[in-house]
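# Fold and contact review
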Amino acid sequence: MHVHDAELVISAVNPSQYPQDQLPEVALAGRSNVGKSSFINSLIARKNLARTSSQPGKTQTLNFYAINQAFRFVDVPGYGYARVSKDFRLAWSKMIEKYLSQRENMELLFLLMDMRHEPTRLDREMKDFAENLDLPYAIVLTKADKIKPASWNKHLSMYKKALELPSVDALFPYSATKGYGKEEIWDVISSVLQL
Ligand code: GDP
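Residues numbered from 1 in each chain as written. Predicted model: local features only at pLDDT ≥ 70, side-chain atom pairs only at ≥ 80, totals over all residues.

The criterion, for reference: UniProt positions are given in the numbering used here, feature names are shortened, and annotations may be inferred rather than shown by experiment.
Under an unreviewed UniProt entry, the name given to the protein chain is Probable GTP-binding protein EngB, and the source organism is Eremococcus coleocola ACS-139-V-Col8. Under the Sequence similarities (unreviewed entry) heading, UniProt states for the protein chain: "Belongs to the TRAFAC class TrmE-Era-EngA-EngB-Septin-like GTPase superfamily. EngB GTPase family." Per UniProt, the comment on the protein chain under Cofactor (unreviewed entry) is "Mg(2+)".

Right, here's the structure in full:
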């Protein structure tokens, strides 16, 4: 997909701040440092629209990016950042839960996980959450360039097993640096959103 227009519309905390129109939304969630900003920037071929975070866990807003005035990416703040208080984590999870469970515009959820490692407990919880709410989701396995292609199948099987998936169809290896997986991700977006 050629992205000719991409802009940050709003950084929101409360539902009252969410854009009030019918544009479909693709939400992106993953733990801090998983490569979420790099994923957005590489997909839309912008160097720095979504800021790559030098301080993990710093972005605590839902960031809405309008793409070609056709849909929005919604960058959900990274989870699993240990050095925040319990109260803060609670407020954070409420914000995310509210968005994911109530937002009618949301048509697709990408869960980003680091392809190199076993999914974390929070990764598994996010997948269960998506499953329980019946949200259409796909799992993006980031930093695929750090794994030898000969070992990809081993890592896909590891994820299939750990997340109890029926097949590897929902798993998408991705590399922001090499561009692997970009086309497949655009295909998923185009078909689910019917663009
Ligand atoms: P975020 O906190 O999830 O937004 O993660 P960032 O996009 O800021 O990425 C965290 C770190 O991982 C940065 O040092 C990135 O350069 C690196 N990174 C992200 N994606 C990739 C990738 O596909 N390949 C490699 N080799 N490094 C990546």
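### Overview of the overall build of the protein chain
Selection criterion: Secondary structure elements follow DSSP: runs of H or I no shorter than four residues count as helices, runs of E no shorter than two count as strands, and numbering proceeds from the N terminus. Just to be clear, the radius of gyration here is over C-alpha atoms, and the globule rule we use is 2.2 Å times residues to the power 0.38. Residue burial is a threshold on neighbouring C-beta atoms within 10 Å of the residue's own C-beta, all placed from the backbone, with 20 or more meaning buried, 12 or fewer meaning exposed, and counts in between meaning partly exposed.
Looking only at helices and strands, the protein chain features five helices and seven strands. Along its sequence from the N terminus, the protein chain presents helices and strands in the succession β-β-α-β-β-α-β-α-β-α-β-α. On C-alpha atoms alone, the protein chain measures out to a radius of gyration of 16 Å, which is about the 16 Å that the 2.2 N^0.38 rule sets for 195 residues. When its C-alpha atoms are laid out on the principal axes, the protein chain stretches across 45 × 40 × 35 Å. Residues classed as buried in the protein chain amount to 32% of the 195 residues present.

### Re the sheet that holds strand E6 (residues 137-142)
Which entries qualify depends on this criterion: When DSSP finds two or more bridges between a pair of strands, those strands are recorded as paired. Axes, fitted as lines to C-alpha atoms, cover a helix only where it is in contact. Angles between the N-to-C directions of the axes lie from 0 to 180 degrees. Note on contacts: residues are paired as contacts if their backbone-placed C-beta atoms lie within 7 Å.
Taken together, seven strands build an open sheet; the order of strands is E1-E3-E4-E2-E5-E6-E7 and the sheet is mixed. Taken across any chain shown, the strands that pair with only one partner, and hence form the sheet edges, are strand E1 (6-12) and strand E7 (171-173). On average, each strand axis in the sheet is inclined to that of its neighbour by 25°, with strand direction left out of account. Pairing of strand E2 (residues 25-30) with strand E4 (residues 71-75) involves four bridges; the strand directions are parallel. Its bridge partner lying in E4, Ala 27 is registered against Val 74. Across the face of the sheet, helix H1 (residues 36-43) comes into contact with E2, strand E3 (62-67), E4, strand E5 (106-114) and E6 while running at roughly 145° to E2.

### Concerning helix H3 (residues 121-132)
Definition in use: One less than the residue count of a helix, multiplied by 1.5 Å, gives the span that helix is expected to have.
The end-to-end C-alpha separation of H3 is 16 Å, in line with the 16 Å expected for twelve residues at 1.5 Å each. Against the buried residues of H3 lie E2 and E5. At the C-terminal side of H3, Asp 134 shows a positive phi close to 65°.

### A few points about the confidence of the model for the protein chain
Which entries qualify depends on this criterion: pLDDT measures how confident the predictor is about each residue, on a scale from 0 to 100.
Overall, the prediction assigns the protein chain a mean pLDDT of 90, with 92% of residues at 70 or greater. Scoring of the predicted complex yields 0.93 for pTM and 0.99 for ipTM.

### A short note on unusual backbone geometry
Positive phi is not limited to glycine here, since Asn 33 has a value of about 75°. Structurally, the position occupied by Asn 33 is in the loop between E2 and H1. The backbone of Gln 194 shows a phi angle near 55°, a positive value even though the residue is not glycine. Under the C-beta neighbour-count criterion, Gln 194 is labelled exposed, with 7 such atoms within 10 Å.

### Digging into the nonpolar core
The condition is simple: For the purposes of this analysis, a nonpolar core is taken to be any set of buried Ala, Val, Leu, Ile, Met, Phe, Trp, Tyr and Cys residues that are connected through C-beta atoms within 7 Å.
Among the nonpolar cores identified, the biggest contains 38 residues, and Leu 28, Leu 112 and Leu 141 are the most heavily contacted of them. Only E2, H1, E3, E4, helix H2 (86-102), E5, E6 and E7 provide two or more residues apiece to this core. The contact partners of Leu 141, leaving out residues within four places of it in the chain, are Met 113, Met 115, Tyr 159, Leu 171, Phe 172, Pro 173 and Tyr 174.

### Some thoughts on H1
With six of eight residues buried, H1 lies mostly within the body of the structure. Where H1 is buried, its residues contact E2, E3, E4, E5, E6 and helix H5 (182-193). Ala 45 sits one or two positions beyond H1 and adopts a positive phi of about 55°.

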